[in-house]
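Single-letter residue listing:
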Amino acid sequence: MSLAGTPADDRQPLLDVRNLTVRFPAGSSGFFKPEKKFVHAVEDVSFQIMPGETLGLVGESGSGKTTTGRAVLRSNPITSGTVTFDGRDITKLEGKELRQLRRDMQLVFQDPYASLNPRMSVLEIVAEPLVVHGIAKSTEDAKPKVAELLQRCGLPVDALTRYPHAFSGGQRQRIGIARALALQPKFIVADEPVSALDVSVRAQVVNLLQELQRDLGISYLFIAHDLSVVRHISHRIGILYSGHMVEYAPVDNVYESPIHPYTEALLSSVPIPDPAIQRGRSRIVLQGEIPNPINPPPGCRFASRCPIVEDRCRHETPKLEEKAPGHFVACFVRSSAGVGVAAR
Amino acid sequence: MTAETILEVNNLTVDFFTRRGTVHAVRDVSFTMKRGETLGIVGESGSGKSVTAQAILGLTELPGKVTGGDVLWKGQSLLTGPGAAGTIERIRGKEIAMVFQDPMTSLNPVYTVGMQISEVLTRHMELSKKDARARALDLLQMVGISNPVARLDQYPFEMSGGMRQRVLIAAALACEPELLIADEPTTALDVTIQAQILDLIAELQERLHIGVILITHDLGVVAGVCDRVAVMYGGKLVEEAAAAEIYPRPFHPYTEGLLRSTPRLDIVEERLESIPGAPPDLRDILPGCSYAERCPEKTAHCLSNVPVLEQRGEGRRVACWNPRG
């Protein structure tokens, strides 16, 4: 099965994730016959990311998007499935090999207020990965490289000697990106990198990430709950619901011709900042809430909230199938496009 | 249709006296609300929108202090003058109710939701315990909570975020308030749950004819719910207009910048727009317009003269030396 790109796409993906499953132990229930409980955080998720491209991974809280990102970076245990990076199976890498791999894969965090050590100068923060990986002998030694990285990320030169508190949220996120770039990675997991920022500065950071991709050919796994930002940066979109990938398609397909009823509802829930449009939209307001991920019932996870649920959905779990070229959907009921954004 | 003015905020000024200096969080903010109106107060972090809401209810937290101006509720002072403290005690929770951002921390974890809603009713409406419980049940039903009888005896931790926010709205509506102040009521919620809560607020507003002040950073949230929008920046109110006017035709360059940098699901742009720079430091107020530093329209005049919020057309006010329009 070719998951990424179009059928004609014969490039080798940079990242190839197959049947990724992550379960966390969640204690046990029952005293006499304890039954082990597991949080089914990510179930049988597959996707690919091409060199220089971005996959937007979208989901609400508890959908497993952060867990997926961390599993790919090998910061979370993987229960089953494989992660292939640059043609190499990294699912079971350990020790020195894993440390070396980490040069190529970096993480940009959500909260620029919590992810930078307040007691370290910007120079020390950005130089740290260079020193740890033996690329620079000392922080001082890394200075020219750090200055270049800061400039590249749109920070003033005098930032070097200052501390994180002296910077605004947007600038702090630039520092986090400069640090992630230090080791010249091929791949960055950006976990909600603009969610904590004010609206007026979000675009500054999104545009920086796009420029870096264009100039350096970096691939991103861009994790978001916000469908409007992700549209601008992604080539493909994966929609997660309660640990399952429900739709996986090129970006325009997802927004203009979504197939999965959850994607359709999600798109219709995002408010549009224009009362003339927003008040006239026909919206699908989902009832109920996401199921408990601890030992969840069989069947489609979305069944409890799905407006077009059928009996079968409550017993069997739908698999991701190619319903249109390059457009994968996990749904028994729907196989043609629902209502996209433009039509509302 | 001319409804009476119920709320008047006059020259409200709130300062926070911190160890690192005085933060001028709200500066000379004035606006009024008529009965049954819906007003959206929009601003980014540090714009003073939440501090304004807290001040209206007399809930300014230390080291903050209202250092100027007043709030009048149906002509009665809530903040200054003799008897203001008593007046606000009587009105808060009864005639003016509020819902805050975080539905987990606003509910007491050791009481059932039934007890928490009943408490409001026994306190303000002097209902008996039995009547209060029956009314609490009605309220849970009204805010769309399924199986309300069982829910009455549950604790907040047994509920999801969306459900807890519904409980808070039920508690806020318990005494049939005339004004509901909702401070970022959906920010902590997922987008599909946000849609449910916004629908609920709009529906209740229409059904009960209550006024709503919706405080948010999200222009999208306001678009579906509010008749009128007030935009705050750097502790000041910079523009106020009808929702139908301000979205297509913002007068203040900040409003315009904010609208442009809000990514839209329905429009594909090559490059997202942003406002250069960052919001001002409210400890160190520079002379002139606080937006001047980031403003594409600034002139030398803007750097040394503070623009006054002036009437510009029907029901529209703008604080800018070079407004659009």
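Before reading further, recall that the structure is shown in the block above.
The following paragraphs examine the structure supplied in this document. (Residues numbered from 1 in each chain as written. Chains lettered and ligands numbered in written order. Predicted model: local features only at pLDDT ≥ 70, side-chain atom pairs only at ≥ 80, totals over all residues.)

1. Remarks on the overall build of chain A
Here's step 1: The helix and strand tally for chain A stands at ten helices and twelve strands.
Here's step 2: For chain A, the C-alpha radius of gyration of 21 Å lies close to 20 Å, the compact-globule estimate for 344 residues.
Here's step 3: Considering only C-alpha atoms, chain A reaches an extent of 65 × 60 × 45 Å along its principal axes.
Here's step 4: Counting across all 344 residues of chain A, residues that qualify as buried make up 48%.
Here's step 5: A fraction of 64% describes how many contacts in chain A between residues 6 or more apart in sequence connect residues 24 or more apart. (Helix = DSSP H or I, 4+ residues; strand = E, 2+ residues; numbered from the N terminus. Rg over C-alpha atoms; globule rule 2.2 N^0.38 Å. Buried ≥ 20, exposed ≤ 12 C-beta atoms within 10 Å, placed from the backbone. Contact = placed C-beta atoms within 7 Å.)

2. As for the overall build of chain B
Here's step 1: On a plain count of helices and strands, chain B comes out with eleven helices and twelve strands.
Here's step 2: For 325 residues, the compact-globule estimate of 2.2 N^0.38 gives 20 Å, and chain B sits close to it at 20 Å.
Here's step 3: If you line up chain B on its principal axes, its C-alpha atoms span 65 × 55 × 45 Å.
Here's step 4: Sorting the 325 residues of chain B into buried and exposed places 50% on the buried side.
Here's step 5: Considering only intrachain contacts with a sequence separation of at least 6, the fraction spanning at least 24 residues in chain B is 63%.

3. Concerning the pairing of strand β9 (residues 228–233) of chain B
Residues and elements named next belong to chain B.
Here's step 1: Across the six residues that make up β9, a large majority, six, are buried.
Here's step 2: In β9, alternate side chains face the same way, and those of Arg228, Ala230 and Met232 on one face and Val229, Val231 and Tyr233 on the other are all buried.
Here's step 3: Pairing of strand β3 (residues 38–42) with β9 involves four bridges; the strand directions are parallel. Within β9, the residue paired with valine 42 across the bridge is valine 231.
Here's step 4: Pairing geometry for β9 and strand β10 (residues 236–242), over six bridges, is antiparallel. Bridge pairing in β10 places methionine 232 opposite leucine 237.
Here's step 5: What sits between the antiparallel neighbours β9 and β10 is a turn of two residues, in which glycine 234 has the positive phi angle 55 degrees. (Pairing = 2+ DSSP bridges.)

4. Side note on the interface of chain B and chain A
Here's step 1: Listed as interface residues are 37 residues of chain B and, on the opposing side, 38 residues of chain A.
Here's step 2: When contributions to the side of chain B that touches chain A are tallied by element, the ones reaching two or more residues are α7 (191–208), α8 (219–225), α9 (243–246) and α10 (253–261) of chain B.
Here's step 3: The dominant element in the side of chain B that touches chain A, judged by the number of residues it contributes, is α7(B), at six residues.

5. A short note on the pairing of β10(B)
Residues and elements named next belong to chain B.
Here's step 1: Taking burial as the measure, the seven residues of β10 include six buried ones, the bulk of the element.
Here's step 2: Alignment of β10 against strand β12 (residues 317–318), held across two bridges, turns out to be antiparallel. Bridged to glutamate 240 within β12 is arginine 317.

6. Some remarks on unusual backbone geometry
Here's step 1: Of note, the bond from B:Leu62 into B:Pro63 is cis; its omega dihedral lies within 30 degrees of zero at 5 degrees.
Here's step 2: Considering the arrangement of structural elements, one finds B:Pro63 in the loop between α1 (49–56) and β4 (64–73).
Here's step 3: Residues other than glycine seldom take positive phi values, yet A:Asn19 does so here, at roughly 50 degrees.
Here's step 4: Relative to the helices and strands, A:Asn19 resides in strand β1 (residues 15–29).

7. Things to note about the packing of helix α5 (residues 169–181) of chain A against helix α6 (residues 199–216) of chain A
All names here are of chain A.
Here's step 1: The geometry of α5 relative to α6 is characterised by a closest axis approach of 9 Å and an angle of 20 degrees between their N-to-C directions. Viewed along their axes, α5 and α6 adopt a mutual orientation that is roughly parallel. Judged by the twist between their axes, the crossing of α5 over α6 is right-handed. Counting all contacts with α5, which are made through Gly169, Gly170, Gln173, Arg174, Ile177 and Leu181, the residues of α6 involved are Val201, Gln204, Val205, Leu208 and Leu212.
Here's step 2: Of the residues in the contact of α5 with α6, the class split is six nonpolar, four polar and one charged. (Axes fitted to C-alpha atoms, helices over the stretch in contact; angles between N-to-C directions. Parallel < 35°, antiparallel > 145°, perpendicular 65-115°, else oblique. Left-handed = near helix turned anticlockwise from the far one by under 90°. Nonpolar A, V, L, I, M, F, W, Y, C, P; charged D, E, K, R; others polar.)

8. A word on the environment of B:Ala25
Residue and element names in this part refer to chain B.
Here's step 1: Here alanine 25 is to be found in strand β2 (residues 21–34).
Here's step 2: The class for alanine 25 is buried, based on 23 C-beta atoms found within 10 Å.
Here's step 3: Residues alanine 25 and threonine 105, spaced 80 residues apart in sequence, show a C-alpha to C-alpha distance of 23 Å.
Here's step 4: In contact with alanine 25, not counting residues within four places along its chain, are Val14, Asp15, Phe16, Gly48, Val51, Gly64, Gly235 and Leu282.

9. Quick notes on the sheet that holds strand β8 (residues 219–224) of chain A
Residue and element names in this part refer to chain A.
Here's step 1: If you walk across this open sheet you meet the eight strands as β6-β7-β8-β3-β9-β10-β12-β11, and the pairing is mixed. Bordering the open sheet on either side are β6 (105–108) and β11 (321–324), each of which pairs with just one other strand. Sheet twist, expressed as the average angle between the axes of neighbouring strands with direction ignored, equals 20 degrees.
Here's step 2: With three bridges joining them, β11 and strand β12 (residues 327–329) adopt antiparallel strand pairing. Each bridged residue has a counterpart across the sheet, and for glutamate 322 the counterpart in β12 is phenylalanine 328.

10. Notes on the environment of B:Trp321
Residue and element names in this part refer to chain B.
Here's step 1: If you trace the backbone, tryptophan 321 turns up in the segment after β12.
Here's step 2: Its 18 C-beta neighbours within 10 Å are what place tryptophan 321 among the partly exposed residues.
Here's step 3: For the pair tryptophan 321 and valine 23, spaced 298 residues apart in sequence, the C-alpha to C-alpha distance is 25 Å.
Here's step 4: When residues no more than four places from it in sequence are discounted, the contact partners of tryptophan 321 are Cys289, Thr299, His301, Cys302 and Pro307.

11. Side note on the sheet that holds strand β7 (residues 179–183) of chain B
Here's step 1: The strand order across the open sheet built from eight strands is β6-β7-β8-β3-β9-β10-β12-β11 (chain B), with neighbouring strands paired in mixed fashion. For this open sheet the edge positions go to β6 (96–99) and β11 (310–311) of chain B, each flanked by a neighbour on one side alone.

12. With respect to the packing of helix α3 (residues 113–124) of chain B against helix α4 (residues 129–142) of chain B
Residue and element names in this part refer to chain B.
Here's step 1: The N-to-C vectors of α3 and α4 enclose an angle of 115 degrees; their axes lie 8 Å apart at closest approach. Handedness of the crossing formed by α3 with α4: right-handed. Only Lys129, Ala132, Arg133, Arg135, Ala136 and Leu139 of α4 make contact with α3, whose side of the interface consists of Gly114, Ile117, Ser118, Leu121 and Thr122.
Here's step 2: A breakdown of the residues in the contact of α3 with α4 according to their chemical character gives five nonpolar, three polar and three charged.

13. Looking at the nonpolar core
Here's step 1: Ranked by size, the top nonpolar core spans 192 residues in total, and within it A:Val126, A:Ala178, A:Phe222, B:Ala170 and B:Val222 carry the most contacts.
Here's step 2: With eight residues, the top contributor of residues to this core is helix α6 (residues 161–173) of chain B.
Here's step 3: Other than its neighbours up to four places away in sequence, A:Ala178 contacts A:Val126, A:Leu149, A:Leu150, A:Cys153 and A:Leu155. (Core = buried A, V, L, I, M, F, W, Y, C linked by C-beta atoms within 7 Å.)

14. A look at the environment of B:Pro63
Residues and elements named next belong to chain B.
Here's step 1: You can call proline 63 exposed: it has 12 C-beta atoms within 10 Å.
Here's step 2: Counting along the chain gives 170 residues from proline 63 to tyrosine 233, while the straight-line C-alpha distance between them is 21 Å.
Here's step 3: When near neighbours in sequence (up to four residues on either side) are disregarded, proline 63 contacts Phe16, Phe17 and Thr18.

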